[in-house]
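Analysis of the macromolecular model
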Amino acid sequence: MATRKTPAASNAVPDRTLGLRERNKLDKRQRIKAAARATFVEKGYDAATTREIAMRADVAIGTLFVYAKDKRDLLLLIVNDELEEATERASGAFKKKTSLVDQVTAFFKIRYEIWANEPALSRPAVRETHAYLVGEEADEGEIARFYARRTRTLDVLTQMIADKQALGEIVPDEKPEAIASLMMTIYMTEVRRWLASPKPQVESGIARLRDVLRLAMKGVYPSAPATKGSAKKSVRAS
């Protein structure tokens, strides 16, 4: 995460076509974002304080709260730009002629690559957004921006599923939105488990995600329900 250039990072040099006020705001945002990143990595998210981040960015604490309402917002200020760009890249990263499980795995792999770059930021980011994912209100700030991207992610997954249903490759009698929600839940569970390891590796993490997605899509019921007669035969045979 620390080494990849993002749309936000490319704005580090203020655009001269902007007015002085806009350039000053952009400069402060970049300083706050850089200070928050450095402080979280050096001290750890839980130990860092908004006051020391403000001091490091050379802005007043009140100014910092103009750009982020709390420490969680500061964390998401760092990761949101990269995740938004990743969502758009991932939307075209899969091949339509591959299986649904391969498409979904390819879609999420780009996120795994981002999370693996800087676990010191990724772990608290995933943790801090979990409460919102299970029902917390998200009506403003960077968490609202995170929420909007999740909606976009679900839309992309839903379209993948609907396309496969139209081709007859998966069952048509389940709502694509419900299947997409299941896939998102699996991803969120798996990515938290994966990030808990000391050195999360993308390939092993994405391989595990693929296996769990495949199991969810396949199901655990036999392809044809056993009849009472066949069940008795099976018991006698054993």
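- If you check an unreviewed UniProt entry, the protein chain appears there as HTH tetR-type domain-containing protein from Paraburkholderia hiiakae.

Thoughts on unusual backbone geometry
- Unusually for a residue other than glycine, Asp 58 sits at a positive phi of about 60 degrees.
- Here Asp 58 shows up in the loop between helix 2 (50-57) and helix 3 (61-67).
- A residue is classified by how much of its surface remains accessible, and Asp 58, at 64% relative accessible area, is exposed.

So, the UniProt feature "DNA-binding region" (unreviewed entry) in the protein chain
- The UniProt feature table records "DNA-binding region" (unreviewed entry) at residues 49-68.
- Between the first and last C-alpha atoms of residues 49-68 the distance is 13 Å; the span itself is 75% helix and 0% strand.

Considerations on helix 1 (residues 20-43)
- With 24 residues, helix 1 should reach 34 Å at 1.5 Å per residue; the first-to-last C-alpha distance of 34 Å fits that figure.
- Listing the buried residues of helix 1 in full gives Arg 23, Leu 26, Arg 29, Gln 30, Ile 32, Lys 33, Ala 35, Ala 36, Arg 37, Thr 39 and Phe 40.
- Remark: Gly 44 follows helix 1 within two positions and exhibits a positive phi of approximately 95 degrees.

A look at the layout of surface pockets
- As a volume, the largest pocket reaches approximately 400 Å³.
- Along the walls of the largest pocket sit 16 residues, with Ile 170, Val 171, Ile 179, Ala 216 and Met 217 positioned nearest its centre.
- The set of elements that each furnish at least two residues to the lining of the largest pocket consists of helix 5 (100-117), helix 8 (176-195) and helix 9 (202-218).
- Grouping the amino acids of the lining of the largest pocket by side-chain chemistry returns 12 nonpolar, 1 polar and 3 charged.

So, the nonpolar core
- Ranked by internal contacts, the top residues of the largest apolar core, which has 54 residues, are Phe 40, Trp 115 and Tyr 187.
- Discounting residues that sit within four places of it in the chain, Tyr 187 has contacts with Phe 108, Arg 111, Tyr 112, Trp 115 and Leu 209.

Some details on a nonpolar patch on the surface
- Taken together, the side chains of Leu 215, Val 220 and Tyr 221 make up a nonpolar region of the molecular surface, amounting to roughly 410 Å² of accessible area.
- With respect to the helices, strands and loops of the structure, Leu 215 is situated in helix 9.

Considering the environment of Glu 169
- The topology assignment puts Glu 169 in the loop between helix 7 (141-166) and helix 8.
- Among the residues examined, Glu 169 registers a relative accessible area of 48% and is labelled partly exposed.
- Spatially, the C-alpha atoms of Glu 169 and Leu 100 are 8.5 Å apart, while their sequence positions differ by 69 residues.

Observations regarding the packing of aromatic side chains
- Under the definition given, this model contains 5 aromatic pairs.
- Relative to Tyr 187, the ring of Phe 108 has its centre 4.2 Å away and its plane inclined at 5 degrees; by these criteria the two rings are stacked. Of this pair, Phe 108 sits in helix 5 while Tyr 187 sits in helix 8, placing them 79 residues apart in sequence.
- Given a relative accessible area of 0%, Phe 108 falls into the buried group.
- Judged by relative accessible area, Tyr 187 falls into the buried class, the value being 1%.
- In this structure an aromatic cluster arises from ring pairing among Phe 107, Phe 108, Tyr 112, Tyr 187 and Trp 194.

Thoughts on helix 7
- Taking 1.5 Å of rise per residue, the 26 residues of helix 7 would be expected to cover 38 Å, and the 38 Å separating its terminal C-alpha atoms lies within 8% of that figure.
- Looking at the residues trailing helix 7, positive phi occurs at Gly 168, about 75 degrees.

Some details on the confidence of the model for the protein chain
- Considering every residue of the protein chain, the mean pLDDT works out to 83; 81% of them sit at 70 or more.
- The model gives residues 2-13 a pLDDT under 50, and that stretch makes 17 contacts with residues more than four places away or in other chains.
- Confidence drops under pLDDT 50 across residues 230-238; counting only partners more than four residues distant or on other chains, this segment forms 0 contacts.

Quick look at the packing of helix 5 against helix 7
- Put simply, helix 5 and helix 7 touch, their axes get as near as 10 Å, and they point 160 degrees apart. As far as their axial angle goes, helix 7 and helix 5 are roughly antiparallel. As for how helix 5 packs across helix 7, the hand of that crossing is right-handed. Where helix 5 approaches helix 7, its residues Leu 100, Gln 103, Val 104, Phe 107, Phe 108 and Arg 111 are matched on the opposing element by Arg 149, Thr 153, Val 156, Leu 157, Met 160, Ile 161 and Lys 164.
- Class assignment of the residues belonging to the contact of helix 5 with helix 7 gives a composition of 8 nonpolar, 2 polar and 3 charged.

Scoring rules and cut-offs
- Residues numbered from 1 in each chain as written.
- Predicted model: local features only at pLDDT ≥ 70, side-chain atom pairs only at ≥ 80, totals over all residues.
- Heavy atoms only, no water.
- Helix = DSSP H or I, 4+ residues; strand = E, 2+ residues; numbered from the N terminus.
- Buried < 20%, exposed > 50% of the residue type's maximum accessible area, 1.4 Å probe, protein only.
- UniProt positions renumbered as here; feature names shortened; annotations may be inferred.
- Expected span 1.5 Å × (residues − 1).
- 1 Å grid on protein atoms, 1.4 Å probe; cavity = no way out; pocket = protein on both sides within 12 Å on 5 of 7 lines; lining within 4 Å.
- Points joined across faces, edges and corners; volume = space filled by probe spheres on them.
- Nonpolar A, V, L, I, M, F, W, Y, C, P; charged D, E, K, R; others polar.
- Core = buried A, V, L, I, M, F, W, Y, C linked by side-chain atoms within 4.5 Å.
- Contact = heavy atoms within 4.5 Å.
- Patch = residues over 30% accessible without salt bridge, like charges linked within 9 Å, V, L, I, M, F, W, Y side chains within 5 Å.
- Areas by Shrake-Rupley, 256 points an atom, 1.4 Å probe, with all protein chains shown as cover.
- Salt bridge = Lys/Arg side-chain N within 4 Å of Asp/Glu carboxyl O.
- Phe/Tyr/Trp six-rings, centres within 6.5 Å; stacked < 30°, edge-to-face > 60°.
- pLDDT = per-residue confidence, 0-100.
- Axes fitted to C-alpha atoms, helices over the stretch in contact; angles between N-to-C directions.
- Parallel < 35°, antiparallel > 145°, perpendicular 65-115°, else oblique.
- Left-handed = near helix turned anticlockwise from the far one by under 90°.

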